[in-house]
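# Report on the structure
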Amino acid sequence: MAVPVSQAWTVATYVLKQKLMGRKKYPLVLMLEPLFRCNLACAGCGKIQYPAHILKSELSPEDCFKAVEECGTPMVSIPGGEPLLHPQMPEIVAGLVARKKYVYMCTNALLLKEKLHLFKPSKYLSFSVHVDGQREHHDFSVCREGGYDIAMEGVRAAVAAGFRVTTNTTLFDGADPNSVRAHFDEMMAAGVESMMVSPGYTYDKAPDQNHFLGKAKSRRMFRAILSNRKKEWQFNTHPLFSEFLMGKQNFECTPWGMPTFSIFGWQKPCYLLQDGYADTFQELLDSTKWENYGAKSGNPQCANCMVHSGHEASAVDYNFSSLKGLLTTAKRYMFASLYPDEGAQKLLNEWRPEHESPLIQIQAPVGTTKTELQSISGD
């Protein structure tokens, strides 16, 4: 199974409780961002473009624990920035584990091997390593030669030490489905527990706005990637979300399903859009005009979004919203399909890259010196 039985049971009972309480809007995963600074400058992310004083700011462990308790969800994802740059990250993780929260600490793994001794293996903790494909594609995506090899050293060290390790792969226009499938083989061979894959999202701060996938291209690519799959591949995503990516399901966004808390507060409306902040989680729910977001709303910022942070929560909610949803999901778990598809195999056989234009490198924040950048990233 892609996740421990105890985790699946905890999430299922949590969602059922929300349904029995009649809650229409409830969080599934808290996206907890303790800091924005990073030791990479990926072209598909704009977090390090914040001014230096923002990049040096961080949440305290107490801030993190308060947000988790306020939100109430059993699962916490810790993105960034690079969480391992936070000097109190071991304390934050230990505190969340003690609260029996299932923690996915997202990391580019450049520092994972050297900081591994600061953490303890637990069923509640998984290192979610950002690996964007095979060596050449990953290094190209994160704009750092040798990044893949360092990350994989961290993955293998964590697996050997008994930690749960998952991977997170974001795909952009120009990705080769054949290479992505080979990447899945490599991750399984490395001992990774499960994998998550999602299309990149064209949010404003990303310096490269030319390589994000539209919905039609996303469905075509994911149909080629996720059809005719191998039995040994394990995915850390709801099976109906995978079908959504493949064009077999149609879900609207659930922007409150994975709320974000950072140094600015509770981000409106979701992890990817910044339309203001709320001081409390309840204020986030009450004051956000949710009807203005999601593809159905007509908001152009949401038109091509298919990422997991908005749509996997929709798949989970569908799972528990009707007998049909429950039976459909149960069938997917009990009789897992490899999704045989001759047309998808033809796509793989005939796939050719549409262009080879380079990703755009992130520039240093305006007014930031080289010394300040080294201080911010921890180099």
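How each quantity is defined
- Residues numbered from 1 in each chain as written.
- Predicted model: local features only at pLDDT ≥ 70, side-chain atom pairs only at ≥ 80, totals over all residues.
- Heavy atoms only, no water.
- Buried < 20%, exposed > 50% of the residue type's maximum accessible area, 1.4 Å probe, protein only.
- Helix = DSSP H or I, 4+ residues; strand = E, 2+ residues; numbered from the N terminus.
- Pairing = 2+ DSSP bridges.
- Lys, Arg positive; Asp, Glu negative; His and termini not counted.
- Salt bridge = Lys/Arg side-chain N within 4 Å of Asp/Glu carboxyl O.
- Polar contact = N/O pair within 3.5 Å; in protein donor to acceptor, adjacent residues only side chain to side chain.
- Contact = heavy atoms within 4.5 Å.
- Expected span 1.5 Å × (residues − 1).
- Axes fitted to C-alpha atoms, helices over the stretch in contact; angles between N-to-C directions.

### A short note on the pairing of strand E8 (residues 265–269)
Regular strands place their side chains on alternate faces of the sheet. The element E8 is extensively covered by neighbouring structure, given that five of its five residues are classed as buried. Bridge count between strand E7 (residues 260–262) and E8: two bridges; the pairing is antiparallel. Bridge pairing in E8 links Phe261 to Trp266. Connecting E7 to the next strand, E8, in antiparallel fashion are two residues. Pairing between E8 and strand E9 (residues 274–278): three bridges, direction antiparallel. Residue pairing for E9: Gln267 is matched across the bridge by Tyr277. Turn length for the E8-E9 hairpin, with the two strands adjacent in sequence and antiparallel, is four residues.

### So, the pairing of strand E3 (residues 102–107)
In terms of burial, E3 is a largely internal element, six of the six residues being buried. Residues of E3 alternate between two faces, with Tyr102, Tyr104 and Cys106 on one and Val103, Met105 and Thr107 on the opposite face, all of them buried. One ladder, built from four bridges, connects strand E2 (residues 75–78) with E3; its direction is parallel. Counted as the bridge partner of Met75 is Tyr102 from E3.

### Some thoughts on the side chain of Asp139
Mapping Asp139 onto the fold places it in helix H6 (residues 135–142). Of the side chains with opposite charge, Arg135 lies nearest to the buried Asp139, which makes no salt bridge, at 5.7 Å. At 3.0 Å, the side chain of Asp139 forms a polar contact with the backbone nitrogen of Gly146. Looking at Asp139, its side chain comes within polar contact range of the main-chain nitrogen of Gly147, at 3.2 Å. Apart from the residues lying within four places of it in its own chain, the contact partners of Asp139 are Arg144, Glu145, Gly146, Gly147 and Tyr148.

### Some thoughts on helix H9 (residues 215–226)
Here H9 contains 12 residues, and its C-alpha end-to-end distance of 16 Å stays within 8% of the 16 Å for a straight helix at 1.5 Å per residue. Where H9 is concerned, the buried positions are Lys215, Ser218, Met221, Phe222, Ala224, Ile225 and Leu226. If you follow the buried residues of H9, they end up packed against strand E5 (164–171), helix H8 (177–189), strand E6 (194–199), helix H10 (239–245) and helix H14 (342–350). Taken from the residues just after H9, Asn228 is the one with a positive phi, measuring 50°.

### Topic: helix H12 (residues 308–321)
Since one α-helical turn is 3.6 residues long, residues separated by three or four positions face the same way. In a regular helix each residue adds 1.5 Å, so 14 residues correspond to 20 Å; H12 covers 19 Å between its end C-alpha atoms and thus fits that length. Among the 14 residues of H12, 11 are classified as buried, and the element is accordingly described as predominantly covered. Among the residues of H12, His308, Ser309, Gly310, His311, Glu312, Ala313, Ser314, Ala315, Val316, Asn319 and Phe320 are the ones counted as buried.

### So, the pattern of salt bridges
Side-chain pairing between opposite charges can occur once the charged atoms of the two side chains come close. According to the stated counting rule, one finds nine salt bridges in the structure shown. For the salt bridge of Arg164 with Glu193, the shortest nitrogen-to-oxygen distance reads 2.8 Å. Here the residue Arg164 occupies a position in strand E5, and Glu193 occupies one in the loop between H8 and E6, the gap between them amounting to 29 residues. Looking at Arg164, the relative accessible area reads 9%, which means it is buried. Measuring nitrogen to oxygen at the nearest pair gives 2.9 Å for the salt bridge that ties Lys230 to Asp185. In this pair, Lys230 sits in the loop between H9 and H10 while Asp185 sits in helix H8, placing the two residues 45 residues apart along the sequence.

### Points about the environment of Pro340
Relative to the assigned elements, Pro340 resides in the loop between helix H13 (323–334) and H14. The spacing of Pro340 and Ser227 is 113 residues in sequence and 5.9 Å in space, taken between C-alpha atoms.

### Thoughts on the sheet that holds E9
The pairing of strands in a sheet comes from backbone hydrogen bonds and takes either a parallel or an antiparallel form. Spatial strand order, E6-E5-E4-E3-E2-E1-E7-E8-E9: nine strands in an open sheet with mixed pairing. Of all the strands in the sheet, the pair left with one neighbour each is E6 and E9. Each strand of the sheet is rotated relative to its neighbour by a mean of 25°, with strand direction disregarded. In this fold helix H1 (residues 5–20) packs onto E2, E3 and E5, with an angle of close to 110° to the strand it touches most, E3.

Remember, this is a structural readout, not a statement about activity or role.
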